[in-house]
Amino acid sequence: MKTFMIERYGDRSAVHAGEMPDPQVGPDDVLVRIHAASVNPLDLRLRDGAFKAFLPYRLPLVLGNDLAGVVVRTGPAVTRFTVGDEVYARPGKDRIGTFAELIAVHQNDVAGKPANLTMTEAASLPLVALTAWQALVERAQVRPGQKVLIHAGAGGLGTIAVQLAKQLGAHVAATASTAKVELVEELGADVVVDYRRQDFETVLDDYDVVLDTLGGKTLEKSLRVLKPGGKAVSVAGPPDAAFARELGLNPVLRLVMSALSFRTRRRAGRRHVTYSFLFMKASGDQLRELTPLFEAGTIRPVLDRVFPFDQTREALEYVEKGRAKAGKVVITMM
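The structure contained in this document is the topic of the report that follows. This one's a predicted model, so the numbers in the text were calculated from it and none came from an experiment.

Parameters and conventions
- Residues numbered from 1 in each chain as written.
- Predicted model: local features only at pLDDT ≥ 70, side-chain atom pairs only at ≥ 80, totals over all residues.
- Heavy atoms only, no water.
- Helix = DSSP H or I, 4+ residues; strand = E, 2+ residues; numbered from the N terminus.
- Buried < 20%, exposed > 50% of the residue type's maximum accessible area, 1.4 Å probe, protein only.
- Lys, Arg positive; Asp, Glu negative; His and termini not counted.
- Salt bridge = Lys/Arg side-chain N within 4 Å of Asp/Glu carboxyl O.
- Polar contact = N/O pair within 3.5 Å; in protein donor to acceptor, adjacent residues only side chain to side chain.
- Contact = heavy atoms within 4.5 Å.
- Pairing = 2+ DSSP bridges.
- Axes fitted to C-alpha atoms, helices over the stretch in contact; angles between N-to-C directions.
- Parallel < 35°, antiparallel > 145°, perpendicular 65-115°, else oblique.
- Nonpolar A, V, L, I, M, F, W, Y, C, P; charged D, E, K, R; others polar.
- Patch = residues over 30% accessible without salt bridge, like charges linked within 9 Å, V, L, I, M, F, W, Y side chains within 5 Å.
- Areas by Shrake-Rupley, 256 points an atom, 1.4 Å probe, with all protein chains shown as cover.
- Right-handed = clockwise from strand over helix to strand, strands pointing away.
- Phe/Tyr/Trp six-rings, centres within 6.5 Å; stacked < 30°, edge-to-face > 60°.

Turning next to the side chain of Asp 212. Residue position: Asp 212 is located in strand S12 (residues 207-212). Buried charge without a partner: Asp 212 forms no salt bridge, and the closest opposite charge is Arg 45, 9.3 Å away. Among the polar contacts listed, one links the side chain of Asp 212 to the backbone nitrogen of Leu 214, at a separation of 3.1 Å. In this structure Asp 212 touches His 151, Thr 218, Leu 219, Val 233, Ser 234, Val 235, Ala 236 and Gly 237, once residues within four positions along its chain are discounted.

So, in structure tokens, the structure goes:
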């Protein structure tokens, strides 16, 4: 099958087209012919080797972390799907590789594609929608009336998180650049802080939850806008010991993770708030919870640009250079 892969960790030059054997289909797997896959910042970090200490992939590695497509074969133990079903998924972290013609995915990680969405639209959703769900529903347990701040509200994750937070009944603030303020307001944000003109920490306070997508100074400032007891959940900040335990890492790596996040956790403790790092997990069940929201139009995908499969390298470069104006970049195979 045709793929885009890396044979070594490195910069954009490491990604190239190549042929790989068709995937083997396990008893609980569905083999999906991929129609579309989206580009996520995670793809760039995996390409660079940022996670190789605790996600030791065997090279060559096919990149790509979410998909929409059609089931073309099922394993003997599969009960949820049949050949011909239209599906979308974020494969498990150990089985990525959606920049390809085919992928075998465990049935528990797959859900039926929202009926009202195209393959391209559906492919933009799994990773960011699951991340938003796990951050806001599972980790932060957002309740009606709470105040939630979402950074980069016009980004791939931000556009979905803003809509989900509103659906949960929260008062939502988001940061965005000048050109994207109107879009984020249309998605439902009650307050949009133009970060080119204002510092969010000077205009926002007393928040219950912050979803941080940027890390660094933004995360540090985010702790200051939380009320006592508030929660900062980050997908870009330093990993913590809880994350290491989730991955089942050895005690040495757990200590390393704890040390990486020590300063952030200490700052959070001084302000009587909590910090946690989120590395989202695949879940077909959670996608099935989200699907009715997509089908009702309560949460809608936002697409920035679509690239054909043979321009996958260009799509990755487009995202890496920050050219995307809002929402997701998608690659189409069909």
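Working definition: the strands of a sheet are paired by backbone hydrogen bonds and lie parallel or antiparallel to each other. Spatial strand order, S2-S1-S4: three strands in an open sheet with antiparallel pairing. Edge strands, defined here as strands with exactly one partner in the open sheet, are strand S2 (15-19) and strand S4 (61-62). Two strands pair when backbone bridges link them, and strand S1 (residues 2-6) and S4 are joined in this way by two bridges, in the antiparallel orientation. Considered in S4, the bridge of Ile 6 is made with Leu 61.

Residue placement: Thr 218 occurs in helix H7 (residues 216-222). According to the relative accessible area criterion, Thr 218 is buried, its value standing at 19%. With residues up to four places along the chain from it excluded, the contact list for Thr 218 reads His 151, Phe 200 and Asp 212.

Turning our eyes to something else, we now look at the packing of helix H1 (residues 41-48) against helix H12 (residues 312-320). Relative to each other, H1 and H12 sit at 105°, their axes nearing to 10 Å. Considering the angle they form, H1 stands roughly perpendicular to H12. Here Asp 43, Leu 44 and Arg 47 of H1 lie close against H12, whose contacting residues are Leu 316, Val 319 and Glu 320. Looking at the contact of H1 with H12, its residues break down into three nonpolar, no polar and three charged.

On the surface, a cluster of nonpolar side chains totalling about 270 Å² of accessible area is made up of Val 252, Val 256 and Leu 260. With respect to the helices, strands and loops of the structure, Val 252 is situated in helix H9 (residues 251-260). A residue is classified by how much of its surface remains accessible, and Val 252, at 58% relative accessible area, is exposed.

Time to look at the sheet that holds S12. Strand order in this open sheet of six strands is S11-S10-S9-S12-S13-S14, and the pairing throughout is parallel. Sheet topology places strand S11 (191-194) and strand S14 (274-277) at the edges, where each strand pairs with a single neighbour. Strand-to-strand twist across the sheet, computed as the mean angle between neighbouring axes with direction ignored, equals 15°. Relative to strand S13 (residues 226-234), S12 runs parallel, the two sharing five bridges. Looking across to S13, one finds that Asp 212 is bridged to Ser 234. Of the strands in this sheet, strand S9 (147-150), strand S10 (171-176) and S12 are in contact with helix H4 (residues 156-167), which crosses S9 at around 170°.

Considered for burial, the residues of H1 that qualify are Leu 42, Asp 43, Leu 44, Leu 46 and Arg 47. On its buried face, H1 is in contact with S1, S2, strand S3 (29-39), helix H3 (126-139) and H12.

With five of five residues buried, strand S16 (residues 328-332) lies mostly within the body of the structure. Residues Lys 328, Val 330 and Thr 332 point to one face of S16 and Val 329 and Ile 331 to the other, with burial holding for every one of them. Sheet topology places S3 next to S16; four bridges connect them, and they run antiparallel. Within S16, the residue paired with Ala 36 across the bridge is Thr 332. As paired strands, strand S15 (residues 303-308) and S16 are joined by five bridges and run parallel to one another. Within S16, the position partnered with Val 306 by the bridge is Val 330. With H12 bridging S15 and its parallel neighbour S16, the resulting β-α-β unit is right-handed.

Below, the discussion takes up the packing of aromatic side chains. A full pass over the atoms with the stated rule returns five aromatic pairs. Seen in terms of ring centroids, Phe 51 and Phe 279 are 5.6 Å apart; in terms of plane orientation they differ by 85°. Their pairing is edge-to-face. Pair noted here: Phe 51 is in the loop between H1 and S4 and Phe 279 is in the loop between S14 and helix H11 (284-295), with a separation of 228 residues, a long-range link. In terms of burial, Phe 51 and Phe 279 fall into one category: buried. Centre to centre, the rings of Phe 243 and Phe 279 are 5.8 Å apart; their planes meet at 40°, and the pair counts as tilted. Separated by 36 residues along the polypeptide, Phe 243 in helix H8 (residues 241-247) and Phe 279 in the loop between S14 and H11 bring together distant segments of the chain. With respect to burial, Phe 243 and Phe 279 carry one shared label: buried.

Read these as geometric descriptors, not functional statements.
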